[in-house]
Amino acid sequence: MRDQSERFRRNSHRDCWDLLPWLVNDTLSDAQRQRLEEHLAECAQCRREASEQRVLREHLRQEDSVLYAPQASLQKLLHRLETDPLAENSSRQGIAGSRALKLLAATIVIGAVSVVALDSVRSWRLQEERSAPSYSTLTSKPAVVASVPAARVVFAPTMSLAQLSELLRTAHAQVITGPSEAGVYTLAFTSPLSTSNQASAERETSEAAVDAAVQELRRNPHVLFAELVSATESRAGR
Amino acid sequence: MLRSVGNRPISANAIESADDRELQLLRRVARQDREAFKELYFIYHRRLLRFVMRMTSRQELAEEVLNDTMWIVWKKAGEFRAASQVSTWILGIAYRQTLSTSRRTQFNAQFASASTELEELEGAPADDAQLQAETREWLDRGLAQLPLEQRMVMELTYFLGHSCEEIASIMDCPVNTVKTRMFHARRKLRIGLALLADSQAE
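What counts and how
- Residues numbered from 1 in each chain as written.
- Chains lettered and ligands numbered in written order.
- Predicted model: local features only at pLDDT ≥ 70, side-chain atom pairs only at ≥ 80, totals over all residues.
- Helix = DSSP H or I, 4+ residues; strand = E, 2+ residues; numbered from the N terminus.
- Buried ≥ 20, exposed ≤ 12 C-beta atoms within 10 Å, placed from the backbone.
- Contact = placed C-beta atoms within 7 Å.
- pLDDT = per-residue confidence, 0-100.
- Pairing = 2+ DSSP bridges.
- Axes fitted to C-alpha atoms, helices over the stretch in contact; angles between N-to-C directions.
- Nonpolar A, V, L, I, M, F, W, Y, C, P; charged D, E, K, R; others polar.
- Parallel < 35°, antiparallel > 145°, perpendicular 65-115°, else oblique.
- Left-handed = near helix turned anticlockwise from the far one by under 90°.

*Asks:* Can you explain the overall build of chain A? Please cite residues and give values.
*Replies:* Check the secondary structure of chain A and you find 10 helices and 4 strands. Order of helices (α) and strands (β) in chain A, N terminus to C terminus: α-α-α-α-α-α-α-β-α-β-β-α-β-α. For chain A, buried positions account for 21% of its 238 residues. Sequence separation of at least 24 residues holds for 64% of the intrachain contacts in chain A that already meet a minimum separation of 6.

Have a look at this one:
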C-alpha cells in the first residue's frame, strides 16, 4: 500500500488535480480519497484548488430562480399520455398493437357477441318460459336493474373524466357495469327516463326514451359505440 | 454501478434504498401504472428542471425538455435493465434531450453574445460585499458561457452530486472525457473563483 502511494505521489499531481471536484462532492472511493488526502497534505497548489472548488460547489448549490410547479407540468404530460397514440409504453407495444386497432377489434367483438347473445337469449328464454315456476319466493332476487332498459356504450380513450361525468349528467345515466375487458360500459337511465316500478306500457315508453337517449349518445364525439339493451333482453341476459 | 461509500454506511444505505424505491416505481411504470409514474415524476421534477434550466436558461424550454424526458421514461421503462442506477438512466435521457433541443433551438446562441468582464475583475481588491456580489454575477455569466458539455459536468458534479463514473455513464463517454471537460471548465472559471475564495477567507 505504501509502495503504491509512493508511486502515486511521484506521478500523480495531475491525476489528483483532475479528481479534486469529486473529493469535494464526496463521491470518491475510499482508496481514491485516501490517495488524494495524502497528496493534499504535501501539495499547496491542490489544497488551494480544493478550497476554490468548495466555493464553486457552494455557489452552484445556492437557491436558484427556477419556478417549480410540478403539478401543472405533470398535468400537461398526463394529457399527452392520454391523447398521443404513441403513448403506449414498450412493455405493451409488442403485445397489444395500436390503441385504434384494439378499439376496432373491440367494436367488432361487441357486434358479434351481441348477435350471438341475442340468439342464445331467445332460445334460453323459450326454455325458461317452459320450465319456470309460476310463483316467486321471498329469496328470489329482485331483477331491479334487469327490468330497466339500458345502453351498452364504448367511450373514446381520449375522453376525460370530466367529460364522462358531464355526459352521464346530461344523459341522466349511471354506469351499472363495466368497463368490460373490451371496454364496454352498461348505462342505466335514471329519472326522468324510467323507474324500476313502471307498468309495461310505460316501460315501452321508457324504452323509446332510452332509445332516444342512445341516439343522442351516438351524436357525442366521445362515444364510439352505443346500443340499446331492452329490459327483457337485459333481464334474460343476467 | 453503486457508489463506493464503505465507511459511511448510513449514506450508502440511503442511496441504495432510494435507488431500490425508484426501481420499484420504474417497474410499475413499465406496467402502465400511472400512480407510480406520478410519484417518479415528483421525485425527479425539481432536479431535472434545475439541471435542464442550467443548460437552457429558459423556463418554458426547460419544462418542455423535462416533459420530453419523462415521456421517454414512460415509454421505455420496460427496457430498463438495472445495469445502472435509475437516476443515472433518467439523467442520461435528460442529457440527450437537452442536447437535441439545444441543436434544434440553438439556445446556446444567447450565451455567446453575452459579454464577460474577466479582465475587469482580475486584480481588483476583494474586500467588500459588493465585490463578492459582482464576483458571483461574473461566475454565473462564466458558467453560462461554458460549452454545454462542460456546464453539464459542473452541474452533475456540484448540484446533483454524482461521481465521475456516474457522469460518464449519464453522458455516455469515457471517464477521462468527464475529467477533461471538468478541467477546462475549472480553468475558465479560475479568476472569479480565486477572488471569491479570497474574499470569503478574509
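Having seen it, we continue.
*Asks:* A description of unusual backbone geometry should follow, citing residues and the corresponding values.
*Replies:* Residues and elements named next belong to chain A. Even without glycine at this site, Asp26 takes up a positive phi of about 65°. The topology assignment puts Asp26 in the loop between α2 (13–24) and α3 (30–42). Accessibility expressed as a C-beta count within 10 Å gives 14 for Asp26, which makes it partly exposed. For His172, which is not glycine, the phi torsion reads 55° and is therefore positive. Tracing the sequence through the fold places His172 in the loop between α8 (161–170) and β2 (173–177).

*Asks:* Please set out the confidence of the model for chain A residue by residue, giving values where relevant.
*Replies:* Residues and elements named next belong to chain A. On average, residues of chain A score 72 in pLDDT, and 59% of them are at 70 or above. Scored below 50 in pLDDT, residues 93–98 makes 5 contacts in the model with residues more than four places away or belonging to other chains. Confidence drops under a pLDDT of 50 for residues 234–238, and excluding neighbours within four residues, the segment shows 13 contacts in the predicted structure.

*Asks:* Explain the environment of B:Leu156 to me, using residue names and the numbers behind them.
*Replies:* All names here are of chain B. Assignment of secondary structure puts Leu156 in helix α8 (residues 148–159). Residue class for Leu156 comes out buried when judged on the 25 C-beta atoms lying within 10 Å of it. With 14 residues separating them along the chain, Leu156 and Ile170 place their C-alpha atoms 9.3 Å apart. Residues in contact with Leu156, not counting those within four places in the same chain, are His162, Ile167 and Ile170.

*Asks:* Give a description of the sheet that holds strand β3 (residues 184–189) of chain A that names residues and reports values.
*Replies:* Residues and elements named next belong to chain A. Taken in spatial order, the 4 strands of this open sheet run β2-β3-β1-β4, and their pairing is antiparallel. The open sheet has two edge strands, β2 and β4 (223–229), and neither has a second partner. Neighbour to neighbour, the strand axes of the sheet diverge by 35° on average, direction disregarded. Relative to β3, β2 runs antiparallel, the two sharing 4 bridges. Among the inter-strand pairings, Gln174 is bridged to a residue of β3, identified as Ala188.

*Asks:* Break down the interface of chain A and chain B for me, citing the residues and quoting the values.
*Replies:* Facing the 30 residues of chain A at the interface are 47 residues of chain B. Looking at the side of chain A that touches chain B, the elements that each hand over two or more residues are α2, α4 (44–60), α5 (70–83) and α6 (90–96) of chain A. Residue classes in the side of chain A that touches chain B are distributed as 12 nonpolar, 9 polar and 9 charged.

*Asks:* Residue-level account of the pairing of β3(A), with values.
*Replies:* Most of β3(A) sits out of view: 6 of its 6 residues are buried. Residue alternation in β3(A) divides its side chains into two sets, A:Val184, A:Thr186 and A:Ala188 and A:Tyr185, A:Leu187 and A:Phe189, and both sets are buried.

*Asks:* Hey, could you go over the confidence of the model for chain B for me, with residue numbers and the actual values?
*Replies:* All names here are of chain B. For chain B, the average pLDDT comes to 81, and 80% of its residues sit at 70 or higher. When mean pLDDT is compared element by element in chain B, helix α9 (residues 164–171) scores highest at 96, while helix α5 (residues 109–113) scores lowest at 44. Note on residues 1–10: pLDDT is under 50 here. Beyond four places in sequence and across chains, it has 16 contacts. Note on residues 109–119: pLDDT is under 50 here. Beyond four places in sequence and across chains, it has 10 contacts.

*Asks:* Go over the packing of α5(A) against helix α2 (residues 34–56) of chain B with me, naming the residues and quoting the values.
*Replies:* One can describe the packing of α5(A) onto α2(B) by two numbers: an axis separation of 11 Å at closest approach and a directional angle of 135°. The angle between α5(A) and α2(B) places the two elements in the oblique class. For the pair α5(A) and α2(B), the sense of crossing is right-handed. Along the contact surface, α5(A) presents A:Pro70, A:Ser73 and A:Leu74, while α2(B) presents B:Lys38, B:Tyr41, B:Phe42 and B:His45. Looking at the contact of α5(A) with α2(B) residue by residue, the classes come out as 4 nonpolar, 2 polar and 1 charged.

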